[in-house]
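Breakdown of the fold
This is what each chain is made of:
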Amino acid sequence: MTFAVDEINRNSTLLPGVKLGYRILDSCFHWALQVALSLVGGDAHSCGQPVPLLIGPASSTITIILSRILGPLSVPLISYFASCPCLSDRLNFPNVFRTIPSDIYQARAMARLAIHFRWTWMGAVIENTDYGHFAIQAFQEETKGKGVCLEFIETVQRETIVSDARRAALTIQASTARVILIFCWYTDVRTLFLELAKRNVTDRQFLASEAWSTSGDLLQDLAISKVASGVLGVAIRSATIPGFQNYLRSLHPIRRPDDEFLREFWEKEFGCSPHASFQKASLAPCSGTESLEGVQNPFTDTSQLRVAYNVYLAVYAAAHALHSLLSCNSSTCSSPKHIKPIELLQHLNKVNVTTPQGEMFYFQGGDIPAKYDLVNWQKTSEGSLRLVLIGRVDGFDLHLNESTIQWSTGSTQVPVSVCSESCPPGTRKANRKGEPLCCFDCIPCAEGEISNQTGSLHCERCLSEFWSNAKQTACIPRQLDFLSFNETLGITLTAVAVSGAAVTTAVFVVFLCYRQTPMVRANNSELSFLLLLSLKLCFLCSLVFIGRPSVWACRFQQAAFGISFVLCVSCLLVKTLVVLVVFSSARPGAKALMKWFGPGQQRGSVCLFTSIQIIICATWLSLSPPVPQRDLGFQGSKVTLECAMASVVGFSLVLGYIGLLACTCLLLAFLARKLPDNFNEAKLITFSMLIFCAVWVAFVPAYVSSPGKYVVAVEIFAILASSYGLLLCIFAPKCFIILLRPEKNTKKHLMAR
């Protein structure tokens, strides 16, 4: 303060013609109010002149008290160390100015460090005062919604620091948090660190508030060096004051006989008394050659000017406000001898200047812009710790040189302090019941959902044409899926269909070779050959359903299926009618019936029945044919390419007509099953039609409920199953007699009753 006042008094541009004076008094709690009132009242402490402005006090509590008392008098207070956030309230403290930022900013800076280094699980030890409670509250507000949780908050107080430090040390030792936040005075921190050292707790990373982050006592204490190594702290910003070191080293009690502080320092440093009038009995008088030039002492160390720089700024703020007040040209301006505190207060609010160090200085309300240093405690070769500047805080911006940080672990790797590891892409967070938000489980995303960021809260569902990849981290286009000839199911169905066609061909050859035998000629051999041909078409039409659906494939497969089966069932229906007519013709007057049901009429009936199906198919396919379409309804990694029925009515008519003919055939065959004959074909037709109807009745629910390409497989299975049923039930017994029991292949045997 005295250096700044002397520097201003030598400045020809700042307060020209005016000399500043000062009075330095103790601001101890019991003295502060009395001293402040005496200064502003103009008693002996101020040489009879009222003091218009006070610099200090350092304590937030005393600053609050003085502001309450001096506020009505509008006496400005410029504190260099009172950092309570409450003092930013201009309504309650309109006369308080500060050259130290509010604690809320250092708490926010520490919160941003925690967020920057992804420390989501932390502990806290705070002073049981407004300082500690305000700071931890600001820290929690800044980290709210940012995924940072406090595992514990331990409070300590001066009166019970030993027991409180022991309790806090036990909590830290038992906790899973690896980063501990401490808002305490340095003496309390020392007691806590000694307790941790006793328990050999050396694997914690501490975050220091400005109250102890630059404490020389802690840095030089070897008893706590293992515990305190790697401390990362927010510190009052440091600055250089040109000429200040030379000023300190040139100080001498002879030249400043009234400086009690300097006299006491001199006696302690050199062990002698500089003034005979103040000579102590135990001290010899000084020789006068003593000098601070070569002394290495914290008092002469100006490399880390922090609180001292705040005092320096406070003096300059007062000087510039006074300069502004005295620079007006109006006749109502104050004179240097009659400064009104309220006028000085008004001009302090407008201070906006550049300091001798080139720094812009102004008040935002009663506060200055928040600026801090970021410091790190690093081990030295002697075993003690040294303070290393690793960055700075400017408002809300962090400027950090991470490569220079030495962590508590001794490595350059940032310590990990989390309750649960971050959920990797492909998973989402699931909070554990009854635990903080930072403690969670990682649940894999469901199929069709993804999360492509670390620590996702939710999984996002892919669009309908996309599906999640194997890791659930990205949506990829769904693959086209259809029943192909290359897959196992397609190969199996193809083999069964081709086998059926081959067996049908073999039966056809057998019947052709034995076409003159009674077994073949019975019941119209021409219908038998036509039936075999239609069965072969039924087997082969199933192949049209396999492969990539196209416009023509979708149209042809249903038409081929419908016409082939109608041709087949028509042949069986006509065969059954022939049996009934033959046995009915034996009755009197029924011979005319045979005349109307000869070979020509049989062929015509088959053509008529088949033509009706052809007309139904042609109408359906011309008005609303099946078309290739992607089925997005089935959620999976594949999208089914299928022949969509644009008209369910058309498909129902095709199936319904086949069903009508089949039921009619079954009914007639059932009536003819007991007609007297050694080889009654009506029995075989009855069995075959029972199998046919059972297959197609079971087909309907299976077709409706099958997903994706299995709809096609179900229809193919129904075609093959019913075709094999007809082939085996009708032609297997005949082939058995023709090939293995030729003695039964005679007219006599067949006509026997």
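Here, every reference points to the structure presented above.
This structure is a prediction, so every number in the text was calculated from the model and none was measured.

Digging into the overall build of the protein
In terms of helices and strands, the protein carries 23 helices and 24 strands. When each of the 753 residues of the protein is scored for burial, the buried share is 48%. Total accessible area on the protein stands at roughly 36700 Å², and carbon and sulfur atoms take up 59% of it. Counting 64 positive and 53 negative side-chain charges, the protein places the averaged centre of each group 22 Å from the other.

A look at the packing of helix α6 (residues 161-174) against helix α7 (residues 186-198)
One can describe the packing of α6 onto α7 by two numbers: an axis separation of 8 Å at closest approach and a directional angle of 50°. Taken together, the axis directions place α6 and α7 in an arrangement best described as oblique. For the pair α6 and α7, the crossing hand works out as right-handed. Contact residues: α6 offers Ile161, Val162, Ala165, Arg166, Ala168, Ala169 and Ile172, while α7 offers Asp188, Thr191, Leu192, Glu195 and Leu196.

Side note on a nonpolar patch on the surface
Where nonpolar side chains cluster on the molecular surface, the patch consists of Phe29, Leu33, Leu37, Ile65 and Ile69 and spans about 390 Å² of accessible area. Counting only elements with at least two residues in the nonpolar patch, the list comes to α2 (29-41) and α3 (60-70). A per-element tally of the nonpolar patch places α2 first, with 3 residues. For isoleucine 69, the position within the fold is in helix α3.

Points about the sheet that holds strand β24 (residues 638-644)
Taken in spatial order, the 3 strands make up an open sheet running β22-β24-β23, and their pairing is mixed. In the strand order of this sheet, the two ends are held by β22 (479-481) and β23 (627-631), each with one partner. The sheet shows a mean angle of 35° between the axes of neighbouring strands, direction not considered. Pairing geometry for β22 and β24, over 3 bridges, is parallel. Bridging across to β24, glutamine 479 finds its partner in lysine 638.

Here's the deal with the sheet that holds strand β4 (residues 121-127)
Reading across from one edge, β5-β4-β6-β7-β8-β13-β14-β15 is the order of the 8 strands in this open sheet, with mixed pairing throughout. Looking at which strands have only one partner, the edges of the open sheet turn out to be β5 (149-156) and β15 (397-400). On average, each strand axis in the sheet is tilted by 25° relative to the strand beside it, whichever way the strands run. Two elements, strand β14 (residues 385-394) and β15, share 4 bridges in a ladder whose sense is antiparallel. Residue pairing for β15: glycine 391 is matched across the bridge by leucine 400. Strands in contact with helix α4 (residues 103-116) are β4, β6 (179-183), β7 (205-208), β8 (232-236), β13 (371-379), β14 and β15; relative to β15, the strand with the most contacts, it is inclined by about 60°. Contacts between helix α5 (residues 130-143) and the sheet are confined to β4, β5 and β6, with β4 contributing the most and set at about 155° to the helix.

A closer look at the state of the cysteines
Covalently bonding the sulfur atom of one cysteine to the sulfur atom of another cysteine gives a disulfide. Under the counting rule described, the total for this entry stands at 8 disulfides. Linked covalently through their sulfurs, cysteine 445 and cysteine 459 form a disulfide whose S-S length is 2.0 Å. In this structure the cystine formed by cysteine 445 and cysteine 459 twists about its S-S bond by roughly -80°; its chirality is therefore left-handed. Pair noted here: cysteine 445 is in the loop between β17 (440-444) and β18 (449-450) and cysteine 459 is in the loop between β18 and β19 (460-461), with a separation of 14 residues, a long-range link. Each member of the pair, cysteine 445 together with cysteine 459, is buried. Bridging cysteine 462 to cysteine 475, the disulfide has an S-S length of 2.0 Å. Measuring the twist about the S-S bond at about -90°, one finds the cysteine 462-cysteine 475 disulfide to be left-handed. With a gap of 13 residues between them, cysteine 462 in the loop between β19 and β20 (466-468) and cysteine 475 in strand β21 (residues 475-477) connect regions that are remote in the sequence.

Parameters at a glance
- Residues numbered from 1 in each chain as written.
- Predicted model: local features only at pLDDT ≥ 70, side-chain atom pairs only at ≥ 80, totals over all residues.
- Heavy atoms only, no water.
- Helix = DSSP H or I, 4+ residues; strand = E, 2+ residues; numbered from the N terminus.
- Buried < 20%, exposed > 50% of the residue type's maximum accessible area, 1.4 Å probe, protein only.
- Areas by Shrake-Rupley, 256 points an atom, 1.4 Å probe, with all protein chains shown as cover.
- Lys, Arg positive; Asp, Glu negative; His and termini not counted.
- Charge placed at Lys NZ, Arg CZ, Asp CG, Glu CD.
- Axes fitted to C-alpha atoms, helices over the stretch in contact; angles between N-to-C directions.
- Parallel < 35°, antiparallel > 145°, perpendicular 65-115°, else oblique.
- Left-handed = near helix turned anticlockwise from the far one by under 90°.
- Contact = heavy atoms within 4.5 Å.
- Patch = residues over 30% accessible without salt bridge, like charges linked within 9 Å, V, L, I, M, F, W, Y side chains within 5 Å.
- Salt bridge = Lys/Arg side-chain N within 4 Å of Asp/Glu carboxyl O.
- Pairing = 2+ DSSP bridges.
- Disulfide = S-S within 2.5 Å.

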